[in-house]
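# Architecture at a glance
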Amino acid sequence: MFEFIESCLRHKSEMVIYEAAHAIVNMKHTTAKELAPAVSVLQLFCSSPKPTLRFAAVRTLNKVRATLVHVVIKEIRDVASWCQNQVQM
């Protein structure tokens, strides 16, 4: 099951990719190694020109942050700097 969901992270549809990342994040007993591809995809979505995709990515990364801070520490810094850049514009 995990292999199929992970393969969906390479789909051409953004919605399928997001849902796969969201599903991995919501799986119980996932390791940091298993979460890494989903976190990477969500980090890429944080720089999307589509506001809804950015919002969904930040919201899902926050869910990961609440449980496994060491997995998303770099992404937290990136989101913080992105937010500062948006305020300055």
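Here the structure is a predicted model, which is why all the values come from computation and not from measurement. (Residues numbered from 1 in each chain as written. Predicted model: local features only at pLDDT ≥ 70, side-chain atom pairs only at ≥ 80, totals over all residues. Heavy atoms only, no water.)

### Some points on the packing of helix α3 (residues 32-45) against helix α4 (residues 51-67)
Where α3 meets α4, the axes come as close as 8 Å, and the angle between the chain directions of the two elements is 145°. In this structure, α3 crosses over α4, and the sense of that crossing is left-handed. Of the residues in α4, those touching α3 at Leu-35, Val-39, Leu-42, Gln-43 and Phe-45 are Leu-53, Arg-54, Ala-57, Thr-60, Leu-61 and Val-64. Residue composition of the contact of α3 with α4, by class: 8 nonpolar, 2 polar and 1 charged. (Axes fitted to C-alpha atoms, helices over the stretch in contact; angles between N-to-C directions. Helix = DSSP H or I, 4+ residues; strand = E, 2+ residues; numbered from the N terminus. Left-handed = near helix turned anticlockwise from the far one by under 90°. Contact = heavy atoms within 4.5 Å. Nonpolar A, V, L, I, M, F, W, Y, C, P; charged D, E, K, R; others polar.)

### Quick look at unusual backbone geometry
Phi is positive for His-29, close to 60°, though the residue is something other than glycine. Within the secondary structure, His-29 is located in the loop between α2 (14-26) and α3.

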